[in-house]
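Observations on the three-dimensional arrangement
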Amino acid sequence: MASKGWQHPYVNIFKHVKVEDWKKSAKEGDVSKYTDKRLKCSVFRIRGPVSANTYILLPKNRDQSLGLVGRYFYLLFRPASGNFFVVHLDVSVKEGQVVRISFSNMFKEFKSTATWLQFPFLCGAAKDSVYESTAKFAKHGLVGPAPTSVRWTCLMLDLQYTLSVYLNRSYSQLKSIKLCANMTVKNMFTSNLLLDPGISFSEAKVRGLASSQGTYPMPRDMSYPVPKGGSWHDLYDYIRFPSEGTKLPFDSIQKGNLESEAKCSFDQRNPIREESSSVNLSKPVKPVSLIQQITPPNSLLMKQTPMVTDIPNLGVVSAQHNDAWLFHNDDQDQQESTCFSSQKFTSKPLWDTDDGGVHVHVHPEDGFSKHEDESEEEFVCTPVPHPVHLSSFKEPRREKLLPDPILRLNRIIGFGGATTKCALWSKSGDAVVYPCHAIIVSMKISSKQQRFFIGHTDKVSALAFNGNTTLLASAQTGNHSVVRVWNYHKGNCLAMFRIHAHSLSSLSFSYGGGILCGVGKDSHSKTMVVVWNTFNVSKGGEVTVLAKAHTDVDILTMKVAFFDDTRMVSCGRDNIRLWRVRNGTLRSCPVNLGEYHSLDFTDVAFEEGNTSNQHLNERTLFASSRSGYIFEIDYSRVAIRNVRRLLPAQQHHANRREKLTFNTGPGIAINSISVNSSFCSTGSEDGFLRLWPLDFSTIFLEAEHEGPVSLVSVSSDGLQVLAATCTGNLGFLDVSSRGYNTLMRSHTDTVLGFSVDGIHRHLTTASSDGTVRIWNMDSLHQLYDFVSEDSPCSVAFHPSEQVFSCGFRSGIVRVFDISSAKMLAEHRQHRGEVVGLAFSPDGEFMYSADSQGFLALYNASEEDHNVIRVVCNLLARGTERAPDALTVSSDSRCLAFIGPSEYIVTIADSRSLDELLHVDVSILDVQSPRLDSALRVCFSPASTEHLLVATSANKILWVSTKTGRLLRGVSKVHKHQCSSLAVSEDSRFLLTAGHNAVKVWDYSMELDISSQMFIGHSQPIRQVSFTPDQLGVVSVGDAIFLWDFLAYPVDSLTDSCSPRRLGYISAPKLDVSGVQLSNGMPRQTAPLPCSPPSRLDIRTPDQVEQDALGSLSICDDTPSIPVSTVPVTGSDPSSDPRPAVSFLQVTELVNTSSMNTSDMNAVELTEKKPVRPNCYRHFIPRFKTSTLGQAASAPQPGEEGIKLKAMIGYNGNGRGNMVWSPDQGLFAYSCGCVVVLEYLHTGSQRHLQGHSEEISCLAVTNDAKMVASAAGGSNGSRSLICIWDVQSGTCRNTISYHVGAVQSLAFSRDDRFFLSAGDFSNPEVALWSSKTFKLLSSVKVAGPIHDAAFSPSSASQLAYVGSQGAYFCLIHTHGFDVELTVQKVKAPVEVGDVELTALCYHMDSFLFTATNRGHVCVWDVNTQRCLMTWEADEGEIGMLLCRGNRLLTGSNTRWLRLWEVAALEGVKPQGKNCNVEDSGTTVVLRQEIMLDGTTISAAFDNTMDMGIVGTTAGTLWYINWSDNSSIRLVSGHKTKVNDVVFSADERHFATCSEDGSVRVWSVPSNELVVQFQVLSQACGCVCWSPCSSPESPCVAAGYSDGTLRIFRLSSSEMEMKLHPHQVAVTALQYSANGHVILSAAKNGLVAVSSRVTGATIRVIKDHKGAVITTIQCVNQKCKDFGLEGNEMWLAASADRRVSVWAADWMKDKCDLIDWLTFPAPAYFGDDNPPPSLAAFCPADPSLVVYTGYGVEKELSFYSLAKKQIMKKIALPDWATSFSLSCKSQLIAVGSKERVLKLIKSTSGKFQDFLQHSDSVQTCHFSPSGTLLFTVAFNEILLWEVQGL
């Protein structure tokens, strides 16, 4: 071969090929040459719309080669702005292949095959430009067209290192180069020298780079010109790949951190790939990029980025994290957890932690497995328990699924996989390490807490500890066995290397950890032994091969002697051998076995516990065999010392097993042996763990197991013996106590399916090992094990009972009762394997399907589960859809499955199996080249109209269950076919499984990055699902994985800092092109007309007959309201729209059948909403399904039938929605849509009513004469600002200007000006006149505004802060013209990339601002410079308030802090910003207090001694700093209020809510008396005892877990707890005389319980299956109805049925009086149908008043005596609640239209009241009828009844 010396020091490629002659090179398309002004030389421009048609190719002929051998390739170029470019490098490798390396800004992610590497290129920009700032902090970079300010770039590619890392290939030469449009190129060159373009020859000489670091300056003809005194890096970009200075990930090419690169040493690595015949590696092949050391946020800019060792950390996941995992000192290693995602490989700088973790991106097992064979991409990330969200405000950030990661592996149920012979004790004996398929688990034996070592891609086959258990070695199976060495305590992977063996079966560490020995099989199936030097691995050193040997000897296990690192011992079939490493060779000698030479030896062990300097002659070796022999071997003489044999027990007549002996006879196979200085332990095939003295004279302890014992191991202290069995059990024997503890049980084969019992937190699984097991999800204990000769294949839990069913391969379906551990039923209707099994959510029916197409329906309400119907050929045949071939809708009305062919999805009626709809998925995608078949189906729980279908083309389709139309679809869901599908209960998330990966998706698919992927399974996942509580995810396959689901709950959105949580507040928007959406139909218990959903003509037979009266039409308009004969004045805008008197139609004794009409609401398609900023300061409107009634008729002032007396509650989702003026005594806050003016000394209230939506913020003038309130602005509408006169309580003016919510309101110091700021959807500051309230000036802001304020000393100064910095404004007045001048400044660099979230003024010249990372910045108002900063909180500060020299800070950490800032008066502007420590200024924290929620509003007196603070918990606190006290002034419920009732004496009332609290309030002060809190349960209903003694009333409450709790008011304690139900209690009432308690549950069962004993006396099942909404009891003799009884009670259920009963509980009598059924058409609304409500008429209990969904919107008065409806009152809207008063025959009716209607039942006269901001869900008159309670979500309104 010719000499390559001519290529040193570099090769000018353009000169080498004489590019201008175009003889050795080729050009195509628009390629021109011109002189660049900056470079002052000729360059080539390549431009064109298609890169493939415009290029420069070197050399011209593809069969030629450039022959350039330089390791480093340099390209001097500039991408064309706004366009894409591509560069292809063809490189020859020593293995004879040609590999193409391509990079382009067109590539969005890294891709790799065996012959092609594609890297995304991230274009840089000019320094300090908007693009550079955005790209610097963008997690996914900015792959795309080059920016306009793109600069000339010097790109250096390390070809040798790139090929070695990514493809495990050795670089030979650069063959060809192709430069494609669009770009400008100066030149290219190759070199073996590392050149720095930013250093001149003179600088290099001074710094001595060439000698000290191997770095040289750029050649002059290749360098860029730099003006004198200028900096190269200020003018050009230098990109090194792979990067060294910034540790950027290796999956993209982008500019690094220049400062870090300048400080870091240059590349010292020289990765040389050894020849394939050798195992020695100069460095372990790196599968991941280097990881940056994490430092606390406040030190990021002060400390140099530390260097990291060469071996990356692959990480550990713990079930419990702490903050220490995130932050470490520089000398500490970083711990990581592993999570996996399907997202693109992109780079991320250290500072950006908006996803809750620092991601380190991994290439799929580089060098160990082929890229095309990888199932999924793999990510490694570090968990962050408390995410810090940093916002990049220069450019919009890509929206992604949050939090990231959204799943965290919590626990794994499983042991083994490849082997059950691996389990290790930690040195301290408190933890056990064992493999579970591809994951290594470390479990604390006391708490069962698990840590995970994740990194292997196949099943782990061997484990080994060093002597002090600091190093852990692991090996995996497969054709290319990989060995990893871990730091056990820190969890990071220290080294990873490959042994050329297709299976590695044994590993052993030396005691000191310097030697690692491994045994496996080579490619010729010969035994291979390798010994590695691991002495320096913990220090980042290399792992080298000391010796290697190939032998024909069988080796089952091999161990390094603990007393000598160079000595080993092995055993196997027919041999025991002693090994020794000497002079780089591995030699062995066999033990002379004599007559025992043909035995099969299983294990060897040294007698440990002796000193390490003990002579070899005294060393004893023990070996065990499958024949039951135990050999005692003299190590020094290599000879047998003693032989003993384990024999079966001798049976005597008493059937008593005798002690085992070592006589002759058939022996028991010994699988494992472990020896310490005191005793020997053996594990044998008969399932016994036995402990022997060292002379084996007798057994002094033994433990019997269910299967053969495969492993025994004695802990280092000798007090515990670990045992593992071949059946997957792992436990230990406590020698001192002689107790046995089971650590883990597991299936021994693939887990086929599972089901979760959410009530008892039980998990049942079916496995190919023939067992069905039930696990406790909290303790991981196996509770039951059902064994059958028939193989189980699917399981399903009953939704409310401790019953589960199991389908078997033979077709048998069996039902088991867990509590009694017996089989309830067995059915043999199926002919093939059961592929689907499901219960309906209401628990009434069970369904099963088999592989032959049969579908069976069972009655699950009966114990024997009788078969109702069996249909054949209904499902597609085959077993590939097991175990979840069936899905039932959440309303239990529909059943979906795939069939009768694989192309058809069928929706059937769940009660009859009648087919309703067929959907052919093969024709839904007309562009697909092949027929698509369905694989999985799943209903969306929150919207039963959505059916999700997973197809064979790796798509998920959203199909309408009513029309069968395709709503939307997602393709490329997984690389392999989707094997399981699940949707979260609130339909916010979608869960899919494909091959061995789990993906979590944003259900609405509106995000730029809508999914996250997680791997860990080593086999295909069979089933995945959410747990019933939605807090976890379960996936099964090789093992059972229990994941924590970390998604933000909907009820915590108020305290969220996440920019995506807003998306969960609104319902998903679906682009369905006008397709009608709904959530399903009402429960079909009464015969109703029905037709297939695909038909739009929905008519009953009666309607056909009535065609003569008019044709049936479906309209999108609101249906007309029946009106009375009294005309309602109306629509003229000039007239008063409110009538003097309003009436409803009252029909007396008329039985007319109204014509049925169907109304359908049009689907509203809205544009994508702006992204909520990363700041909690923004108002979060509560999600509402209610709509404001437009036809409401409010009464004239002074004529109201009820008057608002008090409001209980405070808007915790508002911001700045409380004001207090201590001098004037004004205290105002918002509750819902009402401004409450409260007088603190009396507790009385006044109410300012004018808004219809929730109020977001308030402001008060300095003289406290006017209050401003802002509300509305949802869904893109304009918000309404009301200006109130405090004295008169009237609205002086209204402003409707801002689109979206109003973020902030403020009055100037002289009350001349009024300021309003819009929220993130339309950030604009508007300045108004306080006299005329006309707009004076406005300023639009590019980013969100968080807070605004006027200067307290100057009316012409104001400031506001937002995501882009602080804005200082001056008001200039020119006559009637007002102008705002704005000066914008960025946040100081000392605080990092933050958002300014709050501000307040201090005296004349200082302004305080707060950040979302807890900093307070002090600004000079005159110079707009930041004087100093300090860290005042750990979280986001959203409230600042300054009075004098005291500063108040409130944050989302719930801390309220008072600071003394008097020292700031002496601060003078300095040349740079400084923090408190640097400036010498002392800021003192005087006091602090923790509140019950995030601070959202605050007002204090002028001395800051006392004030009022509001929190997100809905509480207003009175704070007194002088005595450090806090008092609750206003305390409302944070969550939905479910019930509110008066006590019998009306001295108290009780409320209950979703948060599980029951609160008792006093009347008339409305003060909280006592609160009873039950954690983790929702309280659905509450009632008072009718006890005549006022001293001891009781409150009874019903909870979501089916329990009742009785609280005694006098003692403030719980008196009794009852558990009559298994599901949530929905209605509750004491009997009229108080002897019993009647309670109803969600499943329709009514329980009668004794209030004395708590026992359930009677269970009434007549309403079973339908939710009971109402129970009422009244004192009434029942003789008129021919029944005995002294009281009546009724129950109304959701199926429009009312039962009325006569009861005498003292005589245990309860008889049915009447059963009422009200007909209704099918319901097609977007939500649940209106509730069915009923009540006795107070004046005449023989009248029952009913309202609910039906033919008409009306109140019906039914006479129990005459058995007919006596009267009807028409309603304009469906009623959501109603109450009847015993006074004046008044009825209060609440509706979803937020209207409270007060009706006179005799005349129909009514009035409407619009003070609610949401649906009126509850209304109750007091027993006397003088007061009325109404509830809208958490707003409680108390009315005084005056009468109509």
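Structure shown above.
Let us look at the structure shown here. (Residues numbered from 1 in each chain as written. Predicted model: local features only at pLDDT ≥ 70, side-chain atom pairs only at ≥ 80, totals over all residues. Heavy atoms only, no water.)

**Here's the deal with the overall build of the protein chain**
When helices and strands are counted, the protein chain shows nine helices and 135 strands. Relative to its full complement of 1844 residues, the protein chain shows a buried share of 61%. Counting contacts in the protein chain only where the partners sit at least 6 residues apart, residues at least 24 apart contribute 53% of the total. Approximately 70200 Å² of the protein chain is accessible, and the part contributed by carbon and sulfur atoms is 48%. (Helix = DSSP H or I, 4+ residues; strand = E, 2+ residues; numbered from the N terminus. Buried < 20%, exposed > 50% of the residue type's maximum accessible area, 1.4 Å probe, protein only. Contact = heavy atoms within 4.5 Å. Areas by Shrake-Rupley, 256 points an atom, 1.4 Å probe, with all protein chains shown as cover.)

**Some thoughts on the sheet that holds strand β116 (residues 1613–1618)**
In a beta sheet, neighbouring strands pair by backbone hydrogen bonds and run either parallel or antiparallel. Pairing in this open sheet of four strands is antiparallel, and the strands run β113-β114-β115-β116 from one edge to the other. Every other strand in the sheet has two partners, leaving β113 (1579–1584) and β116 as the edge strands with one partner each. Ignoring strand direction, the axes of neighbouring strands in this sheet form an average angle of 20 degrees. (Pairing = 2+ DSSP bridges. Axes fitted to C-alpha atoms, helices over the stretch in contact; angles between N-to-C directions.)

**Digging into a positive patch on the surface**
On the surface, K1677, K1679, K1707 and K1709 cluster together into a positively charged patch. Inspection of the secondary structure puts K1709 in strand β124 (residues 1709–1717). (Patch = residues over 30% accessible without salt bridge, like charges linked within 9 Å, V, L, I, M, F, W, Y side chains within 5 Å. Salt bridge = Lys/Arg side-chain N within 4 Å of Asp/Glu carboxyl O. Lys, Arg positive; Asp, Glu negative; His and termini not counted. Charge placed at Lys NZ, Arg CZ, Asp CG, Glu CD.)

**As for the pairing of strand β7 (residues 86–93)**
Summarising burial for β7: eight of the eight residues are buried, a large majority. A two-sided burial pattern is seen for β7, the buried positions comprising V86, H88, D90 and S92 on one face and V87, L89, V91 and V93 on the other. Linking β7 to strand β8 (residues 98–104), which pair antiparallel, is a turn of four residues; within it G96 sits at a positive phi near 100 degrees. Bridge analysis of β7 against strand β12 (residues 171–180) gives eight bridges, and the strand direction is antiparallel. Bridging from a neighbouring strand, V86 pairs with C180 of β12.

**Considerations on the packing of aromatic side chains**
For the structure on display, the rule yields 65 aromatic pairs. Centre to centre, the rings of F14 and F44 are 5.6 Å apart; their planes meet at 85 degrees, and the pair counts as edge-to-face. Taken together, the residues span a long stretch of sequence, with F14 in helix α1 (residues 13–17) and F44 in strand β4 (residues 41–47) at a distance of 30 residues. Side by side, F14 and F44 carry an identical accessibility label, which is buried. Measuring from ring centre to ring centre gives 6.0 Å for F1041 and W1043, while their planes differ by 35 degrees; the resulting arrangement is tilted. Taken as a pair, F1041 and W1043 share a single burial class, namely buried. One aromatic cluster in this structure is built from W152, Y224, W232, Y236 and Y238. (Phe/Tyr/Trp six-rings, centres within 6.5 Å; stacked < 30°, edge-to-face > 60°.)

**What to know about the sheet that holds strand β45 (residues 701–704)**
In space, the four strands of this open sheet follow the order β42-β43-β44-β45, with antiparallel pairing throughout. In this open sheet, the two strands that pair with only one neighbour each are β42 (670–675) and β45. On average, each strand axis in the sheet is tilted by 15 degrees relative to the strand beside it, whichever way the strands run. Pairing of strand β44 (residues 688–693) with β45 involves four bridges; the strand directions are antiparallel. Bridge pairing in β45 places L689 opposite A703.

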